[in-house]
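# Architecture and fold: a report
Here is what each chain is made of, one letter per residue.
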Amino acid sequence: LFHRIVSRVHTYLENFTLFRDIYDKREEAIAKIFGQFKATLDWRELKRGGWLLNRAIFWQALNLFGHVVTLYCIGEAVGSPISLKAALIAYTLAKLISMVSFFPGAPLAFEGAIAWLLITLGNPVGPSAAIGIIYAAITFWLPMPIGWLLYNYYTKKWAEAETA
């Protein structure tokens, strides 16, 4: 019975021109995007500069590992240890969630996503929120004043070099 209902609905929607037009346009758009990727991504070029690609992949993997270990260490410091697998899952999914934030810069989206994901993975609420906030403080807010100081220092240094 269920199969018949689904089959009839599918047949109805298949014959409905609006859905057919949307489907055809979607297929054209996908083919166009795939063609653009294929035209700009030359595998021979990647093989020729493979060492550079491998080095970029290595540094990106090291960056990911550093963030995951940071989350793990914060969990240990807060007194609510999390596994490296949970830290990897929480970090990766929180990054994806914060990418689709409606607000520029995703304020509190990443921290909230970390806390929510850790709670979902079985961590208590209080420590999960603390882990998210401390992680943001260490990786975002702590480097800010250092960047401002370095910016002022180098701006003055470059200005002096231009006048000399």
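Residues numbered from 1 in each chain as written. Predicted model: local features only at pLDDT ≥ 70, side-chain atom pairs only at ≥ 80, totals over all residues. Heavy atoms only, no water.

## With respect to the packing of aromatic side chains
Heads up, the rule is: Each pair of aromatic rings taken from Phe, Tyr and Trp, with Trp reduced to its six-membered ring, is defined by centres within 6.5 Å and is described as stacked if the planes are under 30 degrees apart, edge-to-face if over 60, and tilted in the remaining cases. Only DSSP runs of H or I reaching four residues or more are called helices, and only runs of E reaching two or more are called strands; each is numbered from the N terminus. Residue exposure (1.4 Å probe, protein chains only): buried if accessible area is under 20% of the type maximum, exposed if over 50%, otherwise partly exposed. Placement of a positive charge over a ring is assigned whenever Lys NZ or Arg CZ falls within 6 Å of the ring centre and within 35 degrees of the normal to the ring plane.
Within the structure shown, the criterion is met by 7 aromatic pairs. Judged by centre distance (5.9 Å) and plane angle (80°), the rings of Tyr-91 and Phe-110 are edge-to-face. In this pair, Tyr-91 is assigned in helix H5 (residues 84–99) and Phe-110 in helix H6 (residues 109–120), connecting sequence segments 19 residues apart. Neither Tyr-91 nor Phe-110 differs from the other in exposure class; each is buried. Judged by centre distance (5.0 Å) and plane angle (75°), the rings of Tyr-153 and Tyr-154 are edge-to-face. Tyr-153 sits in the partly exposed class, given a relative accessible area of 48%. By relative accessible area, Tyr-154 is classed as partly exposed at 34%. Within the aromatic cluster, the residues linked to one another by ring pairs are Tyr-91, Phe-110 and Tyr-135. Across from the ring centre of Phe-110, 5.3 Å away, lies the NZ or CZ of Lys-95, which sits over that ring.

## Things to note about the environment of Ile-114
Put simply, the rule reads: Only heavy atoms enter the contact rule, under which two residues are in contact if any of them lie within 4.5 Å.
Locating Ile-114 in the fold gives a position in helix H6. The class of Ile-114 is buried, set by a relative accessible area of 0%. Put simply, Ile-114 and Gly-132 are 18 residues apart on the chain and 5.5 Å apart in space, counted from C-alpha to C-alpha. If we ignore the near neighbours within four places in the chain, the residues touching Ile-114 are Leu-71, Ala-90, Tyr-91, Ala-94, Ile-131 and Gly-132.

## Points about the side chain of Asn-123
Selection criterion: In the analysis that follows, any N or O atom pair within 3.5 Å is treated as a polar contact, provided that within protein one partner can donate a hydrogen and the other can accept it, and provided that, for residues neighboring in sequence, both atoms belong to side chains.
On the secondary structure map, Asn-123 appears in the loop between H6 and helix H7 (125–141). Taking relative accessible area as the criterion, Asn-123 reaches 10% and is therefore assigned buried. Within the structure, the side chain of Asn-123 is placed 2.7 Å from the side chain of Ser-80, a separation counted as a polar contact. At 3.3 Å, the side chain of Asn-123 and the side chain of Ser-128 are in polar contact. Contact partners of Asn-123, with chain neighbours within four places excluded, come to Ser-80, Pro-81, Ile-82, Leu-118, Ser-128 and Ile-131.

## As for the nonpolar core
For the record, the criterion: Joining through side-chain atoms within 4.5 Å is the link that ties buried Ala, Val, Leu, Ile, Met, Phe, Trp, Tyr and Cys residues into a set, and such a set is a nonpolar core.
The biggest cluster of nonpolar side chains holds 16 residues, and the ones touching the most others in it are Leu-71 and Ile-114. Elements represented by at least two residues in this core include exactly helix H4 (50–78), H5, H6 and H7.

## Focus on the packing of H4 against H7
Quick note on the threshold: Axes here mean lines fitted to C-alpha atoms, for a helix over just the part in contact, with angles spanning 0 to 180 degrees between N-to-C directions. Angle categories: roughly parallel below 35 degrees, roughly antiparallel above 145, roughly perpendicular from 65 to 115, and oblique for all the rest. Helix crossings get a hand from a simple test, with the near helix turned counterclockwise from the far one by less than a right angle marking a left-handed crossing and a clockwise turn marking a right-handed one. Under the grouping applied here, Gly and all other residues not named as nonpolar or charged are polar, the nonpolar ones being Ala, Val, Leu, Ile, Met, Phe, Trp, Tyr, Cys and Pro and the charged ones Asp, Glu, Lys and Arg.
Between H4 and H7, whose axes approach to 9 Å, the crossing angle comes to 130°. Judged by the angle between their axes, H4 and H7 are oblique. For the pair H4 and H7, the sense of crossing is right-handed. Counting all contacts with H4, which are made through His-67, Thr-70, Leu-71, Ile-74, Gly-75 and Val-78, the residues of H7 involved are Pro-127, Ala-130, Ile-131, Ile-134, Tyr-135, Ile-138 and Thr-139. Along the lines of polarity and charge, the residues of the contact of H4 with H7 split into 9 nonpolar, 4 polar and no charged.

## Some points on H7
To be explicit about the condition: By definition here, a helix of n residues has an expected span of 1.5 Å times n minus one.
If you check H7, its first and last C-alpha atoms are 23 Å apart, about what 17 residues at 1.5 Å a residue would give, namely 24 Å. Elements in contact with the buried residues of H7: H4, H5 and H6.

Function-wise, these values are silent; they only describe arrangement.
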